[in-house]
Each structure stands twice: as structure tokens, then as C-alpha cells.
Amino acid sequence: LAKTTQPISMDSYEGQEVNITCSHNNIATNDYITWYQQFPSQGPRFIIQGYKTKVTNEVASLFIPADRKSSTLSLPRVSLSDTAVYYCLVGDADGGSQGNLIFGKGTKLSVKP
Amino acid sequence: EAGVAQSPRYKIIEKRQSVAFWCNPISGHATLYWYQQILGQGPKLLIQFQNNGVVDDSQLPKDRFSAERLKGVDSTLKIQPAKLEDSAVYLCASSFLGTGANVLTFGAGSRLTVL
């Protein structure tokens, strides 16, 4: 049962790059790392997913070191609209029990003008 | 594609009353999840369906909560009788497969207030 640890909150200013790190020391061989974003009064929304090294899409980058015990979500040039809660999840590719889809408390990112 | 539909968006009831929430997942998604999100916390998985069968309901308070997914499409979550601590947002999500590597698509949620 992989658990994740993230900072409770982070502050940033518009235009800056924000890096949010998630620790998952007990990650298993088959586990993928997925990040979600949640705005108030909305359900979480998928941002990015990776297994190892680096993944980049139009929204963010995900950096995963070789030991995979942590991962870093990188948001380039944040804007006020990036103010949200960000969740890191680990889950395996084989499916099955509830341990795959556990949300922690997430990181509340506040972007200031 | 259409998203995950949930209703009602808001519901206010008194304790000991009952309430039901409805969810229609994305077409073709075999797996459906119900999460409970209490203010300030992350979503907590209540139940996971694969088609119309239950994969995991270990966190569902079965003395008062029930859920069904007839015909493997839409689903209903019921609470009877409600307690004050059931005040939360109930999120429905669906995915193509029920694995941790699959992306979940969430609905907007149903906010329950128990007085």
C-alpha cells in the first residue's frame, strides 16, 4: 500500500516556476505516479502521469528519479488560475484493491499577483 | 466527449433522513468510483465497481451507506439514516479500466449538508 507525502501548502507569484515534490518511499515496481488538480467546488482533474524519468505535456512536467521514491510536478510560469490543490497518487497497473487510489491531503498552491 | 454527470449538485437534509445521489459515467468506462470528500481533506474512496460488480467497498459504512450499479452503467449512492458527519462532497469518477495506471475522470460532485 503506497503512501504519499506532500507539503501542505506552497505560495508562489505569477510567472514563476513551481515545483511540488511528492515522497512515495514504498512505491512498488508496478506503480505509476499520477497527479491531479482540484479547484474549489469541482472534482479533481488529471494533470500528468509517469512511471520513470521525465514526462512533459502541455500543462506540466513530471520528474521521477531513478529510485522512484519521489516525484516532482513542475508548473512553468504559473498564473492566478493555477491556484488549486494538487494531489499525488501512486497506483499499480494490475488493478485490484483500494490501495491503488488513495488521495492524501494534497498541496494547496496559492499564486499571488 | 461528455463528462461524468452527477445529481443533485446540492442537498440539505436533517440528520436521520435519507438521501440518494446519482452518477452517470463516461460512456464505455467500465469502472466507477464513489469518493467522499470532507472539507479540507482529500477524497476518500467509498466503493469501486467494475461493470456492475463491486471490486472494493472496504471503506463504505455499510450500516448506513449503500450503492448499486445496475446494468453496469449509471450508479446510485444512498445514505440512510444520515449523520452530521456525513456532510461532505460526494464525488463520482469513472475510468476505462480499474487500475492505478488509469486516469480517473471526476464529476463535479454532490454537496451534502446534514443539519
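Residues numbered from 1 in each chain as written. Chains lettered and ligands numbered in written order. Predicted model: local features only at pLDDT ≥ 70, side-chain atom pairs only at ≥ 80, totals over all residues. Heavy atoms only, no water.

Visitor: Go over the layout of surface pockets, please, and point to the residues and values.
Guide: For the largest pocket, the calculated volume is near 640 Å³. Along the walls of the largest pocket sit 32 residues, with A:Gln38, A:Pro40, B:Gln37, B:Leu39 and B:Gly40 positioned nearest its centre. Going through the elements one at a time, strand E8 (84–92) and strand E9 (107–112) of chain A together with strand E9 (88–95) and strand E11 (110–114) of chain B are the ones with two or more residues in the lining of the largest pocket. Among the elements that line the lining of the largest pocket, the one with the most residues is E11(B), at four residues. (1 Å grid on protein atoms, 1.4 Å probe; cavity = no way out; pocket = protein on both sides within 12 Å on 5 of 7 lines; lining within 4 Å. Points joined across faces, edges and corners; volume = space filled by probe spheres on them. Helix = DSSP H or I, 4+ residues; strand = E, 2+ residues; numbered from the N terminus.)

Visitor: I'd like a description of the packing of aromatic side chains, backed by residues and values.
Guide: Aromatic rings in a pair are described by how distant their centres are and how their planes are angled relative to each other. Going through the model one piece at a time under the given rule, you end up with 11 aromatic pairs over all chains. Ring geometry for A:Tyr36 and A:Phe103: centres 5.8 Å apart, planes at 50°, overall tilted. Highlighted residues: A:Tyr36 in strand E3 (residues 31–38) and A:Phe103 in the loop between E8 and E9, separated in sequence by 67 residues. The class of A:Tyr36 is buried, set by a relative accessible area of 2%. The class of A:Phe103 is buried, set by a relative accessible area of 7%. Ring centres of A:Tyr36 and B:Phe106 lie 6.2 Å apart, and the angle between their planes is 85°; on these two criteria the pair is classed as edge-to-face. (Phe/Tyr/Trp six-rings, centres within 6.5 Å; stacked < 30°, edge-to-face > 60°. Buried < 20%, exposed > 50% of the residue type's maximum accessible area, 1.4 Å probe, protein only.)

Visitor: Report on the side chain of A:Thr107, specifying residues and quantitative values.
Guide: All names here are of chain A. Checked against the element boundaries, Thr-107 lands in strand E9. Residue class for Thr-107 comes out buried when judged on its relative accessible area of 0%. Separated by 3.0 Å, the side chains of Thr-107 and Gln-6 make a polar contact. Looking at Thr-107, its side chain comes within polar contact range of the main-chain oxygen of Pro-7, at 2.6 Å. If near-sequence neighbours (up to four positions away) are discounted, Thr-107 is found in contact with Gln-6, Pro-7, Ile-8, Ser-9, Met-10, Ile-20, Ala-84, Val-85 and Tyr-86. (Polar contact = N/O pair within 3.5 Å; in protein donor to acceptor, adjacent residues only side chain to side chain. Contact = heavy atoms within 4.5 Å.)

Keep in mind these numbers describe shape, not what the thing actually does.
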